[in-house]
Amino acid sequence: MDPEHVDGDLEQILLTEEQIQDKLAELAAAIERDYDGKDLLLVGVLKGAIMVMADLSRHLSRHVEQDWMAISSYGSGTRSSGVVRIVKDLDTDITDRHVLVVEDIIDTGLTLSWLVSNLRSRGPASVEVCTLLRKPEAAKTAVDVRYVGYDIPNAFVVGYGLDYAERYRNLRVVGTLAPHVYS
Ligand SMILES: O=P(O)(O)OC[C@H]1O[C@H](OP(=O)(O)OP(=O)(O)O)[C@H](O)[C@@H]1O
Ligand code: HPA
Ligand SMILES: [Mg+2]
């Protein structure tokens with residue numbers, strides 16, 4: 001879906017389809033270099049990361065395995081509840097595996113810091129993180145993020161997997177939501 005199909009619900013387009021794809025190609029190239037000769041498992045965080053996982057993995061010119069976890073901390077609102085809940089766990093045993101967590105956004109960093117420590121407790125060879133978007137508050141958290149696409153301002157964004165009340169995930173762009181939508 002394109003921005004003109006959401007009836008003025010976007011205040012501003014932050015990232016075009018081209019900017020998103022160019023960045024994912026760049027990140028994929030870095031990942032290929034860093035994991036050369038190593039087995040790699042991509043772990044996508046549902047549901048937001050579906051688009052990033054689909055496009056990032058297709059920019060890779062190597063074999064990877066893909067698995068998914070569903071954890072939710074936002075529910076239907078615009079603020080993190082701080083309570084992280086596993087809705088679906090991995091199907092894969094990650095003992096001695098190189099794991100790369102694929103995220104759409106790191107906002108407060110609460111979801112990710114919880115997830116990374118959960119995964120590290122399973123005895124993997126390594127756990128790193130790749131996110132398309134990161135907000136300033138998250139940049140201050142202790143979680144080390146190896147691959148960051150774009151640092152964005154501290155506003156609620158939707159599109160390219162990111163939702164507000166489950167809508168807008170199928171937008172091709174990332175944009176800020178106009179206040180009239182949620183006020
Ligand atoms: O850094 P944080 O403040 O913890 O926020 C980031 C998380 O929030 C969103 O997921 P959400 O809980 O909305 O689930 P969803 O991906 O299914 O929309 C997003 O996809 C990240 O996983
Ligand atoms: O800005 C956001 N938009 C949508 N989902 C989110 N989850 C954390 N931050 C955001
Ligand atoms: Mg969400």
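Now for a look at the structure at hand.

Scoring rules and cut-offs
- Residues numbered from 1 in each chain as written.
- Chains lettered and ligands numbered in written order.
- Predicted model: local features only at pLDDT ≥ 70, side-chain atom pairs only at ≥ 80, totals over all residues.
- Helix = DSSP H or I, 4+ residues; strand = E, 2+ residues; numbered from the N terminus.
- Buried ≥ 20, exposed ≤ 12 C-beta atoms within 10 Å, placed from the backbone.
- Contact = placed C-beta atoms within 7 Å.
- Pairing = 2+ DSSP bridges.
- Expected span 1.5 Å × (residues − 1).
- Arc of directions from axis to C-beta.
- Axes fitted to C-alpha atoms, helices over the stretch in contact; angles between N-to-C directions.

Considerations on the overall build of the protein
A tally of helices and strands in the protein yields five helices and nine strands. Along its sequence from the N terminus, the protein presents helices and strands in the succession β-α-β-α-β-β-β-α-β-α-β-β-β-α. Taken over the C-alpha atoms alone, the protein extends approximately 50 × 35 × 30 Å along its principal axes. Out of the 183 residues belonging to the protein, those deemed buried represent 31%. Across the protein, the fraction of contacts at a sequence separation of at least 24, relative to all contacts at a separation of at least 6, is 66%.

Description of the sheet that holds strand 1 (residues 10-15)
Overall, antiparallel pairing links the three strands, which are arranged 1-9-8 in an open sheet. On the outer flanks of this sheet lie strand 1 and strand 8 (157-158), each paired with one strand and no other.

Examining helix 1 (residues 17-34)
Compared with an ideal rise of 1.5 Å per residue, which puts 18 residues at 26 Å, helix 1 spans 26 Å between its outermost C-alpha atoms and is within 8% of the ideal. Of the residues making up helix 1, those classed as buried are I20, K23, L24, L27, A28 and I31. Viewed end-on, helix 1 has its buried residues packed into an arc of 145°, placing them on one side of the element. Opposite the buried face of helix 1, at more than 90 degrees from it, the exposed residues are E18, A30 and R33. Buried residues belonging to helix 1 abut strand 1, helix 2 (50-59), strand 5 (98-106), strand 6 (126-134), strand 7 (147-151) and strand 9 (174-177).

Describing the sheet that holds strand 6
Within the open sheet, the six strands sit side by side as 4-3-2-5-6-7. Their pairing is mixed. The outermost strands of the open sheet, each flanked by one partner alone, are strand 4 (85-88) and strand 7. Across the sheet, the axes of successive neighbouring strands diverge by a mean angle of 30°, strand direction being ignored. Bridge count between strand 2 (residues 41-46) and strand 5: four bridges; the pairing is parallel. Among the inter-strand pairings, V43 is bridged to a residue of strand 5, identified as V101. Of the strands in this sheet, strand 5, strand 6 and strand 7 touch helix 1, which is tilted by about 160° from strand 7. Most of the contacts of helix 2 go to strand 2, to which it runs at about 155°, and overall it touches strand 2, strand 3 (65-72), strand 5 and strand 6.

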